[in-house]
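Per-entry structural report
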Amino acid sequence: KQEVTQIPAALSVPEGENLVLNCSFTDSAIYNLQWFRQDPGKGLTSLLLIQSSQREQTSGRLNASLDKSSGRSTLYIAASQPGDSATYLCAVVGGSEKLVFGKGTKLTVNP
Amino acid sequence: NAGVTQTPKFQVLKTGQSMTLQCAQDMNHNSMYWYRQDPGMGLRLIYYSASEGTTDKGEVPNGYNVSRLNKREFSLRLESAAPSQTSVYFCASSRKRTETQYFGPGTRLLVL
């Protein structure tokens, strides 16, 4: 059974800092890995999707990497801003073609 | 373009009452999903519909039923609500099961 783990559960950084969020998964047979953002009381917003054949994807200040063989992904946020404060969720699509989510990292960027 | 919409936004039920959560998408997506989100448990798949006319169980289907009414709409029904079903429910859709999922704003359900 696929399990997705995100460490740390919470992270607090000063504005302007570059930061890395980590995600690991137990079964490397995946179609893709997705990163989502969730603001308090809101739904999920898709940030990046990395196909299993890709090593990384970039969108603005966000860069996600994938190392399928080791079961790891990182989300790099450059020059963090208070507006980046949210919970970031990692999810993988495996052989069952269903999304399996981690429990998220709650990020606080302090002005 | 509304994306994925859910009704109601918030509901309070008494134990044993029934209700239906509604979800609609306007992106012409084939696949639709129902999740629940609980503190410390993360998001868990309740049911999904890979295409119009099909539905399948997810990780936590007990106590729920679904209907894929047409390509746009996917409803979730609680026949006899229990306090353990207090949660936030999210509907999502995607063009294919292996592509990006788009989420609705959620329904907050409290069962007393």
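Here goes a summary of the coordinates provided. Counting restarts for each chain: residues are numbered from 1 in the order of the written sequence. Chains and ligands are labelled sequentially in the order written, the chains with letters from A and the ligands with numbers from 1. Since the coordinates come from a predicted model, pLDDT governs what is reported: local features require at least 70, and pairs of side-chain atoms require 80 or more to be given and counted, while whole-chain, interface and lining totals use all residues. Heavy atoms from the whole structure form the basis of all side-chain values; hydrogens and water molecules are not counted.

Section: the overall build of chain B
Scanning chain B for helices and strands turns up 0 helices and 11 strands. Numbering of helices and strands starts at the N terminus; helices are DSSP runs of H or I of at least 4 residues and strands are runs of E of at least 2. Reading the secondary structure of chain B in the N-to-C direction produces β-β-β-β-β-β-β-β-β-β-β. When we talk radius of gyration, it's over C-alpha atoms, and the globule rule is simply 2.2 Å times the number of residues to the 0.38. Taking 13 Å as the expected radius of gyration for a compact globule of 112 residues, we find that chain B reaches 13 Å, a close match to that expectation. Along the first, second and third principal axes, the C-alpha set of chain B runs to 35 × 30 × 25 Å. Type-normalised accessible area, obtained with a 1.4 Å probe on protein chains alone, sets the label of each residue: buried when under 20%, exposed when over 50%, and partly exposed for intermediate values. For chain B, the proportion of its 112 residues judged to be buried stands at 50%. Taking contacts inside chain B between residues at least 6 apart in sequence as the whole, the part at least 24 apart equals 55%. Total accessible area on chain B is roughly 5200 Å²; 49% of this is exposed by carbon and sulfur atoms. All tallies of charge rest on Lys and Arg as positive and Asp and Glu as negative; His and the ends of each chain are not included. Just so you know, the charge point we use is NZ for Lys, CZ for Arg, CG for Asp and CD for Glu. Across chain B, 13 positive and 8 negative side-chain charges occur, with their mean positions spaced 3 Å apart. By definition, residues are in contact when any of their heavy atoms lie within 4.5 Å. Each accessible area is a Shrake-Rupley estimate made with a 1.4 Å probe; only the visible protein chains count as cover when residues are assessed.

Section: the environment of Pro61(B)
All names here are of chain B. Position of Pro-61 among the secondary structure elements: in the loop between β6 (56-57) and β7 (64-68). A residue is classified by how much of its surface remains accessible, and Pro-61, at 12% relative accessible area, is buried. Sequence separation between Pro-61 and Tyr-35 is 26 residues; the distance between their C-alpha atoms is 9.9 Å. When near neighbours in sequence (up to four residues on either side) are disregarded, Pro-61 contacts Ile-46 and Tyr-47.

Quick word on the interface of chain B and chain A
With 20 residues of chain B at the contact, the number on the chain A side is 20 residues. Interface area, chain B with chain A, both sides summed: about 1500 Å², of which 55% is carbon and sulfur. Any Lys or Arg side-chain nitrogen located within 4 Å of an Asp or Glu carboxyl oxygen qualifies as a salt bridge. Applying the counting rule to chain B against chain A returns 1 salt bridge. Lys1(A) is the partner of Glu59(B) in a salt bridge, and the nearest nitrogen-oxygen pair spans 3.9 Å. As used in this structure description, the phrase polar contact means that two N or O atoms lie within 3.5 Å; if the pair is within protein, one of them must be able to donate a hydrogen and the other to accept it, and residues adjacent in sequence are counted only when both atoms belong to side chains. In this assembly, chain B and chain A are joined by 4 residue pairs in polar contact (both at pLDDT 80 or more). With 4 residues, the single largest contributor to the side of chain B that touches chain A is strand β5 (residues 42-49) of chain B. We call Asp, Glu, Lys and Arg charged. Ala, Val, Leu, Ile, Met, Phe, Trp, Tyr, Cys and Pro are nonpolar, and the rest, Gly among them, are polar. Here the side of chain B that touches chain A is composed, by residue class, of 8 nonpolar, 7 polar and 5 charged. When two parts are put together, the accessible area they lose, computed with a 1.4 Å probe and summed over both, is reported as buried area.

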